[in-house]
Structures are given as structure tokens and as C-alpha cells.
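Summary of the model geometry
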Amino acid sequence: AQTVTQSQPEMSVQEAETVTLSCTYDTSESDYYLFWYKQPPSRQMILVIRQEAYKQQNATENRFSVNFQKAAKSFSLKISDSQLGDAAMYFCAYRSASDMRFGAGTRLTVKP
Amino acid sequence: ETGVTQSPTHLIKTRGQQVTLRCSSQSGHNTVSWYQQALGQGPQFIFQYYREEENGRGNFPPRFSGLQFPNYSSELNVNALELDDSALYLCASSQKRGNTEAFFGQGTRLTVV
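A brief report on the enclosed structure follows.

Rules used throughout
Residues numbered from 1 in each chain as written. Chains lettered and ligands numbered in written order. Predicted model: local features only at pLDDT ≥ 70, side-chain atom pairs only at ≥ 80, totals over all residues. Heavy atoms only, no water. Contact = heavy atoms within 4.5 Å. Buried area = accessible area lost by both parts, 1.4 Å probe. Salt bridge = Lys/Arg side-chain N within 4 Å of Asp/Glu carboxyl O. Helix = DSSP H or I, 4+ residues; strand = E, 2+ residues; numbered from the N terminus. 1 Å grid on protein atoms, 1.4 Å probe; cavity = no way out; pocket = protein on both sides within 12 Å on 5 of 7 lines; lining within 4 Å. Points joined across faces, edges and corners; volume = space filled by probe spheres on them. Nonpolar A, V, L, I, M, F, W, Y, C, P; charged D, E, K, R; others polar.

1. What about the interface of chain A and chain B?
In this complex, chain A contributes 20 residues to the contact, which on the side of chain B involves 30 residues. Together, the buried faces of chain A and chain B total about 2,100 Å²; carbon and sulfur atoms form 45% of this surface. Per-residue buried area on chain A facing chain B is highest for A:Arg43, A:Gln44 and A:Arg95; these three make up 31% of the total on that side. The interface formed by chain A and chain B includes zero salt bridges. At the level of secondary structure, the elements contributing two or more residues to the side of chain A that touches chain B comprise strand E5 (33-39), strand E6 (46-52), strand E10 (88-96) and strand E11 (99-102) of chain A.

Have a look at this one:
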């Protein structure tokens with residue numbers, strides 16, 4: 001079964017600084033997608049960034065970028081120029097055609 | 001605003017009762033999936049429906065069942081409620097194929113007493 005592991009229950013970053021959230025996953029499939037979702041206290045899951053497994057190039061979305069290491073099954077999220085509005089739970093997710101698995105989440109605190 | 005709506009937003013049920021949660025998918029999406037998120041944990045995959053048929057299921061007992069309708073709206077039914085079923089239930093719609101993400105609703109908070 002596919003598993004997703006986030007080893008950092010909590011992370012803290014100073015406003016305007018950079019932070020990296022870690023994620024590893026385990027799968028035997030070759031066709032899948034990886035995502036980072038943000039869940040603020042309003043509880044709505046919001047997509048931050050996505051990565052197709054067949055693409056070697058790391059995805060970038062404004063201040064958010066990923067470091068995708070397929071062989072190591074690693075998918076970390078880098079947030080640059082952190083803002084107060086970035087404070088939330090962040091979930092790493094793995095999606096195949098018939099399944100979607102989430103990690104346990106990392107709570108990010110942004111200090112002013 | 002994702003275009004995915006869930007109802008009700010909050011619900012309180014008694015142990016042993018049955019509950020039905022509803023989800024309206026985003027326009028153009030033919031796949032819906034349901035998740036259970038216990039407090040302080042990540043969402044757990046319950047099942048997925050594609051064109052009205054279940055095509056993926058997580059580690060949940062048969063008392064968790066679902067339906068997807070021709071207009072791609074969906075229901076999650078839970079029978080014989082247990083206290084541990086108390087959680088946030090999320091639904092998400094997506095396109096089955098392609099580079100697409102799952103768009104989530106705001107969830108239904110179920111409390112079993």
C-alpha cells in the first residue's frame with residue numbers, strides 16, 4: 001500500500017525567511033502525482049503545488065517550489081519569503097488513478 | 001472557492017444511528033473521493049467513485065458506503081455509527097485522467113455521542 005510520511009509535526013519560520021517541509025512516500029506504481037495542500041483553520045484544503053512523477057523538472061508556483069527526488073521517493077516543499085498568511089497545516093499527498101493518500105501534516109507557524 | 005459544496009456543515013448523531021453526508025462536485029468533474037479526517041491527523045482515504053462506480057477503497061469497513069449520481073453529486077453513508085466515527089468528512093472532486101488535482105469541499109463535522 002502507498003504510504004506518505006511527514007516527519008516534522010511542527011515547523012516555525014520568521015516572516016520573510018525560507019522554510020522547507022519534508023515528505024517521503026512509498027509506492028510501487030509508476031504513474032502518480034504528488035501534491036502539497038494547505039489547510040488553514042477554516043479547514044478548506046487548498047492546493048499549493050503539484051508534481052507529475054514522470055517530470056524530472058521541479059514544480060514552482062510563485063514563492064513555493066518543490067524538490068522532487070523520484071529515486072529517493074522524496075518530495076519536499078520550500079516556501080520562500082514566508083508571509084503571515086502562510087501559517088497553516090500543510091499536507092503532502094500522493095495520488096494515483098484509484099487512490100489518494102495524505103501524510104499526517106506539518107503545522108507551520110510564521111513569526112512576525 | 002472550489003465549486004465543491006458539502007452539506008450539512010455540522011451534524012450530531014447518536015451511537016448506532018445512520019448518517020448521510022452529501023457532496024456536489026465541481027462542474028466538469030466525473031470523479032469524487034471521500035476522506036475522514038480525525039482531529040489533528042491527515043485525511044484518510046475512504047473511497048473513490050468514477051462515473052457512478054466505486055473504483056478505489058481505503059481501509060474502511062463496509063458500513064461506510066457511497067453513491068455517485070448521474071450529475072456526479074455524491075453521498076457518503078455510514079451505518080451503525082461508533083464514537084470513533086467522529087471526524088471531519090471531506091469530499092473532493094477531480095478529473096480521473098490528466099494532470100489534475102482534487103478540489104475539496106469545506107467538510108462536514110460529524111460528532112457521534
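Structure shown, so let's carry the discussion forward.
2. A look at the layout of surface pockets
By volume, the largest pocket amounts to about 270 Å³. Around the largest pocket sit 15 residues that line it, and A:Gln39, A:Met89, A:Arg107, B:Gln37 and B:Gly40 are the ones nearest its centre. A per-element tally of the lining of the largest pocket places E10(A) first, with three residues. For the lining of the largest pocket, the per-class residue count stands at eight nonpolar, four polar and three charged. Taken as a whole, the second largest pocket encloses approximately 160 Å³ of empty space. Lining the second largest pocket, in full, are A:Gln2, A:Thr3, A:Val4, A:Met100, A:Arg101, A:Phe102, B:Pro43, B:Gln44, B:Phe45, B:Gly58, B:Asn59 and B:Phe60. A breakdown of the residues in the lining of the second largest pocket according to their chemical character gives six nonpolar, five polar and one charged.

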